Every structure is written in structure tokens, then in C-alpha cells.
2 protein chains.
Amino acid sequence: MSSPIDFYFDFSSPYGYLAAQRIDALAGEHGREVNWWPYLMGAVMQLTGAKPLTLRGDLIRNYAVRDMARSARQHQIPFQLPSVFPVPTVAAGRAYWWLRDTDAAAARDLAKALYSAYFAADRNIQEAAIVLEVAAECGVDRQALETALQDEAVKTRLKDVTNEAIERGVFGSPYFIVDGEPFWGNDRIDQLAEWLRSGGW
Amino acid sequence: MSSPIDFYFDFSSPYGYLAAQRIDALAGEHGREVNWWPYLMGAVMQLTGAKPLTLRGDLIRNYAVRDMARSARQHQIPFQLPSVFPVPTVAAGRAYWWLRDTDAAAARDLAKALYSAYFAADRNIQEAAIVLEVAAECGVDRQALETALQDEAVKTRLKDVTNEAIERGVFGSPYFIVDGEPFWGNDRIDQLAEWLRSGGW
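Residues numbered from 1 in each chain as written. Chains lettered and ligands numbered in written order. Predicted model: local features only at pLDDT ≥ 70, side-chain atom pairs only at ≥ 80, totals over all residues.

### Concerning the overall build of chain A
- Along chain A, the regular secondary structure elements total ten helices and four strands.
- Listed by position from the N terminus, the elements making up chain A come as β-α-α-β-α-α-α-α-α-α-α-β-β-α.
- What you see for chain A is a C-alpha radius of gyration of 16 Å, in line with the 17 Å of a compact globule of 201 residues.
- When the 201 residues of chain A are sorted by exposure, 39% land in the buried category.
- A separation threshold of at least 6 residues defines the contact pool for chain A, and within that pool the share at least 24 residues apart is 69%. (Helix = DSSP H or I, 4+ residues; strand = E, 2+ residues; numbered from the N terminus. Rg over C-alpha atoms; globule rule 2.2 N^0.38 Å. Buried ≥ 20, exposed ≤ 12 C-beta atoms within 10 Å, placed from the backbone. Contact = placed C-beta atoms within 7 Å.)

Structure (C-alpha cells):
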């Protein structure tokens, strides 16, 4: 088995959500696993000065909203821009990493459920209460998670993942690393697939 | 024949250059013509506050440079980031629009030659002297062009095209409009092709 694909994303990223619907299947076609790395892109944006597309004025915002919906429809992915957007995703990130360290498969299911809750069902995952609800729907122990969300070790875990991502040069969502080669953006997925198929160029 | 594809670009845009190598053939496969619209993206950036990828700090710059080269290699397009980059492209734009109004085919050939001069041969097309050289190599009357570059009507033509682009909502390079549907970025070309093939979704 070749080395896994690192998939970095923020739970508030529409293009991260779209990529999350496709990356596992695509990697599987090429005999690859995917490591999911939710992190806090806000920390990177403070470094780069970048702003979400939807906060860059009407011209870019209007295009971005149209493009997100169109890119979702192209792959039959349910999508609606959430009423509150973007949001900080600290609670979602902590929930993922807490679960990840005991049950990787359950953590991935939770990540997908959190993404769908936010981008398909307009549930505001900024709120810890919503994260707890979604986790409970996934069969996660609600009380244990509620405690974990305030656990210093869990808080540190998410911070560490974010800092390590920045050290690796990650600055966007989705952001993939395949055998050392970085691919930024949902719109690099086809190029990434071609890279996997051909072994690079 | 269906309506033409509008292709907006700035002569200083690497992704515009890459798109320029492919858009005519792709459009032709779907029975479409392409209208080439070089404009001054600097004017739009003043409105949107956007900055070129290479001026957004090392993290993004390093990725962008790598991505440009990789995207060029993927399609066997000669490419090197010019020594002086980005540059204002007033002279190139004026040359195009002056020629365009008498000979559309020659203007397109000139556009391709200017793009290749800048992104494949590292000739600084910011300089009117280089634009004149490249034009002469394309068989354009050098003296007539030299006069045209200072002609008020030609200056106004480029300004008008730029303002009309902004009024249409164009803010990037490349930026395509197909039957009213906007596509921003060289990385939307595959989606654009699928749109042409399927009639949209």
C-alpha cells in the first residue's frame, strides 16, 4: 500500500465539504488511504492575511456562492450556504480529535456528519450544543464528549494539529499532500487524481 | 452555431496564459467561437482589494509558483515565471485592441505571441519596446503600432473594455462567460467543458 493522502480542512470550508464527499473514494481507486486533518484555518488566515471568498466584497462573494452551488450540483452533493457563515469550528475540531484518538473510523463518520449538518442541513456547528447533538446522532457518548470539549489536553491537541499544519505549509481548505506534493483546493482534485494515476510529472 | 465564449484575461496572468493555450481548441470541440478580451486586472484589484497570489506572502507564493509550473507541465505548455512579475500590461492591451478593430485573427495571434514572450521567453511585455518587437515578429507594422500606442482613442478603447468587464462582474483572469454563466480560473476549464458538453446543470 502506498503512503496515505493527507487531507487538511476546516469544518467551516464549503470547498472542504465538497472535497470530503469525494476524496476517500478517489483515493481508494488508487490504493490509497486518506488521513483526515481538521484544523483551524482562522489561525492561518491571521498569518497570510487571506479572507474567506464570501467576505471579499459583493463581486467575489456573488461568484463564490454561485460556484459553490454549481460545483455541488455537478457531483450531486446536497449543499446550501449556511445562514451563519463562516463560523469558528473549535468545538467541531475538538470533538473530532478527541474521538480520533480512540476510534479513527468513528471520528471520520463524525466529521462527515458535522460537515453535512452545517452545509446540507444549516445547523450551526459553531455551537457546542449542535456538535453534541450531531455526535449523539452518530452514537457518540454525549456526556463524555461534553466533558472532552473542555479538556485541556483536547484543546491542546487541536492547537497542535493546527500548528503542525502551518509548519507543513498548509494554508487552505481543502489542502492535500500526496507523497510530499501539495494540492490546494477542491478544484485540484482532478489534477490530484491524475497525479495518483500517472505517478506525477 | 451557439453563442461565443467570452474569455477575459490580463496579459500578466499566468493562469490566463495557461488557459489561452487551451480555450480555442476546447471551444471548437463544442462548436463554439471564443471572443478574447484582454483587460487590465489591476483596475479590478483596486476595487476588490485582491492581490496576486505571488504577493500574498511566502506560504502562498511558494505554493502558487509550484502550482503554475505543475499545471503547465500537465498540459505540456512551456512556462517560466518571468523575472519581473507581475507587470502592468497597458502597452500589450492597447496593441491588441488597436489591431483587433482591423484584423481579429491577427490580434489573436499577437495576444498569443505576447503571452508566450512573457511566460515562455521571459521578455518583459510591460515595455512598449518589447511589445513593438513581438508585434513586428508577428508581421504587424511597427511604426503604425508605435503611433497607436499613444493614440487617445486606443487608450480609451482599453479603458472602456476594462470598465465594461467590471460592469459584467469580471474580476479575475482567466474569467469566462458562457451563455451568461461565469467561470473563474484556469482550474474551471474542465467544469466549463462539462458545461458545454451537457448544456449545464
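### Digging into the interface of chain A and chain B
- In this complex, chain A contributes 20 residues to the contact, which on the side of chain B involves 20 residues.
- Contributing elements (two or more residues each) for the side of chain A that touches chain B: α4 (58–74), β4 (181–184) and α10 (189–198) of chain A.
- Sort the elements by how many residues they give to the side of chain A that touches chain B and α4 of chain A lands first, with five residues.
- Partitioning the side of chain A that touches chain B into residue classes produces eight nonpolar, six polar and six charged. (Nonpolar A, V, L, I, M, F, W, Y, C, P; charged D, E, K, R; others polar.)

### Some details on the confidence of the model for chain A
- In this model, chain A carries a mean pLDDT of 95, and residues with pLDDT of at least 70 account for 100%.
- For this predicted complex, the interface confidence reaches an ipTM of 0.91, while the overall pTM sits at 0.94. (pLDDT = per-residue confidence, 0-100.)

### Things to note about the nonpolar core
- In terms of nonpolar packing, the biggest core is built from 58 residues, with A95, L110 and L114 of chain B touching the most fellow members.
- A total of eight residues in this core trace back to one element, the largest contributor, which is helix α6 (residues 104–119) of chain B.
- Once residues within four sequence positions are removed from consideration, A95 of chain B is found in contact with L110, V131, A135, L145 and L149 of chain B.
- By size, the runner-up hydrophobic cluster in this structure holds 57 residues, among which are F11, L18, M68 and W98 of chain A. (Core = buried A, V, L, I, M, F, W, Y, C linked by C-beta atoms within 7 Å.)

### So, the sheet that holds β4 of chain A
Residue and element names in this part refer to chain A.
- Taken together, four strands build an open sheet; the order of strands is β2-β1-β3-β4 and the sheet is mixed. Edge positions in the sheet fall to β2 (34–38) and β4, since each has one partner strand and no second. For this sheet, the mean angle separating the axes of adjacent strands, direction not counted, is 20°. (Pairing = 2+ DSSP bridges. Axes fitted to C-alpha atoms, helices over the stretch in contact; angles between N-to-C directions.)

### A look at the sheet that holds strand β4 (residues 181–184) of chain B
Residues and elements named next belong to chain B.
- Strand order in the open sheet made by the four strands is β2-β1-β3-β4, with mixed pairing throughout. In this open sheet, the two strands that pair with only one neighbour each are β2 (34–38) and β4. Adjacent strand axes in the sheet meet at a mean angle of 20°, parallel and antiparallel pairs treated alike.
- In this sheet, strand β3 (residues 175–178) lies alongside strand β1 (residues 5–9) in antiparallel orientation, the contact comprising three bridges. Residue pairing in the sheet places F7 in a bridge with F176 of β3.

### Structural notes on the packing of helix α5 (residues 90–100) of chain B against helix α7 (residues 128–137) of chain B
Residues and elements named next belong to chain B.
- At a closest axis distance of 8 Å, the pairing of α5 and α7 adopts a crossing angle of 35°. When the axes of α5 and α7 are compared, the crossing they make is right-handed. Across the interface between the two elements, A91, A92 and A95 from α5 touch A128, V131 and A135 from α7.
- Residue composition of the contact of α5 with α7, grouped by class: six nonpolar, no polar and no charged. (Left-handed = near helix turned anticlockwise from the far one by under 90°.)

### Comments concerning the pairing of β4 of chain B
All names here are of chain B.
- Two strands pair when backbone bridges link them, and β3 and β4 are joined in this way by four bridges, in the antiparallel orientation. Of the residues in β4, the one forming a bridge with Y175 is W184.
- Counted between consecutive antiparallel strands, the loop separating β3 from β4 contains two residues, among which D179 sits at a positive phi close to 50°.

### Side note on the relation of the copies chain A and chain B
- Placing chain A over chain B gives an RMSD of 0.0 Å and needs a rotation angle of 180°, together with 0.0 Å of translation along the axis. In short, the pair behaves as if placed about a two-fold rotation axis. By C-alpha distance to the rotation axis, the residue of chain A lying nearest is D187 of chain A, at 3.0 Å.
- Of the interface residues in chain A, 100% have counterparts in chain B that sit at the interface too, so the contact is made through matching surfaces. (Least-squares fit on C-alpha atoms with pLDDT ≥ 70 in both.)

### Description of α7 of chain B
All names here are of chain B.
- All of the buried residues in α7 are V131, V134 and A135. The arc that holds every buried residue of α7, seen down its axis, measures 100°, which confines them to one face. Exposed residues pointing more than 90 degrees away from the buried face of α7 are listed as A129 and E137.
- Each element contacted by the buried residues of α7 is listed here: α5, α6 and α8 (142–148).
- The first or second residue beyond α7 is G139, which carries a positive phi of 90°. (Arc of directions from axis to C-beta.)

### Remarks on the environment of A117 of chain B
Residues and elements named next belong to chain B.
- Take A117: it is sitting in helix α6.
- Residue A117 is classed as buried on the basis of its C-beta count, with 21 C-beta atoms lying within 10 Å.
- Residues A117 and I130, spaced 13 residues apart in sequence, show a C-alpha to C-alpha distance of 8.9 Å.
- When sequence neighbours within four positions are dropped, the list of residues in contact with A117 reads R123, I125, I130 and V134.

### Here's the deal with the environment of M41 of chain B
All names here are of chain B.
- Tracing the backbone through its elements, the reader meets M41 in helix α3 (residues 41–48).
- According to the C-beta neighbour criterion, M41 is buried, with 28 such atoms within 10 Å.
- Between the C-alpha atom of M41 and that of D179, which follows or precedes it by 138 residues, the distance is 22 Å.
- If we ignore the near neighbours within four places in the chain, the residues touching M41 are D10, S13 and S173.

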